[in-house]
Amino acid sequence: ERAGLSSVACSGPSRAGYWTSTGSTSAMQFDCGSPSHYCPEGVRLPLPTIPDGFAGTGADPAHWTNYSRCEPGSFCVGGLSTHCTPGRFSNRSQATHCDPCPLGAVTHEVGSSRCKPCEPGQYRSEIAGIQCLQCFPGSFSASNGSSSCE
């Protein structure tokens, strides 16, 4: 910001995370605004919607300056990244959802990129599990990843 100048062309570009209109006297005239848009330095309007599978980067959602691929263990929709909840995972970049752990596997962690198979003597008979269950007395599971005991 420079006192006395009334044109973006005279005073320099808008600051990253902000946009300016013609005649602005501030490099931070308007917040970028929406989590699904981004504003690199020098823009006159927020740039188009961030595609699903990508998340905005910058100080906060109202001031995104760019975007990047969604990381494994999370999913990205509308410019926002969300960690997978326990019992769900994402093992790829650019995910738009987290998958439930399959039968016989679990994860109790937030932001997991994989599910862990249940160990022998344990099972998980429902998807999206967060804890393997012990086989009941008189039954067994001999292999990893069992969804039931015999």
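As a reminder, the structure under discussion sits directly above these lines.
To keep things clear, this report deals only with the structure shown in the data block. (Residues numbered from 1 in each chain as written. Predicted model: local features only at pLDDT ≥ 70, side-chain atom pairs only at ≥ 80, totals over all residues. Heavy atoms only, no water.)

A short note on unusual backbone geometry
In most cases, non-glycine residues show a negative phi, while peptide bonds are predominantly trans.
Turning to step 1, where the next piece is worked out: In this model, Gln94 sits at a positive phi of 65°, which is unusual for a non-glycine residue.
Turning to step 2, where the next piece is worked out: Residue placement: Gln94 occurs in the loop between β7 (88-89) and β8 (99-100).
Turning to step 3, where the next piece is worked out: Under the relative-accessibility criterion, Gln94 is labelled partly exposed at 34%.
Turning to step 4, where the next piece is worked out: Despite not being glycine, Ala128 has its phi angle at roughly 60°, a positive value.
Turning to step 5, where the next piece is worked out: The residue Ala128 is located in the loop between β11 (122-123) and β12 (133-134) in this model.
Turning to step 6, where the next piece is worked out: Judged by its relative accessible area of 29%, Ala128 falls in the partly exposed class. (Helix = DSSP H or I, 4+ residues; strand = E, 2+ residues; numbered from the N terminus. Buried < 20%, exposed > 50% of the residue type's maximum accessible area, 1.4 Å probe, protein only.)

Here's the deal with the state of the cysteines
Turning to step 1, where the next piece is worked out: Scanning the model with the defined rule gives six disulfides in all.
Turning to step 2, where the next piece is worked out: In this model Cys32 forms its disulfide with Cys39; the gap between the sulfur atoms is 2.2 Å. Since a negative S-S torsion denotes a left-handed disulfide, the Cys32-Cys39 link at about 85° is right-handed.
Turning to step 3, where the next piece is worked out: Accessibility expressed as a relative area gives 5% for Cys32, which makes it buried.
Turning to step 4, where the next piece is worked out: For Cys39, a relative accessible area of 0% translates into the label buried.
Turning to step 5, where the next piece is worked out: Across the disulfide from Cys101 sits Cys115; the S-S distance is 2.0 Å. Between Cys101 and Cys115, the disulfide has an S-S torsion of -85° and is therefore left-handed. Linking Cys101 in the loop between β8 and β9 (105-106) with Cys115 in the loop between β9 and β10 (116-117), this pair joins segments that are 14 residues apart in sequence. (Disulfide = S-S within 2.5 Å.)

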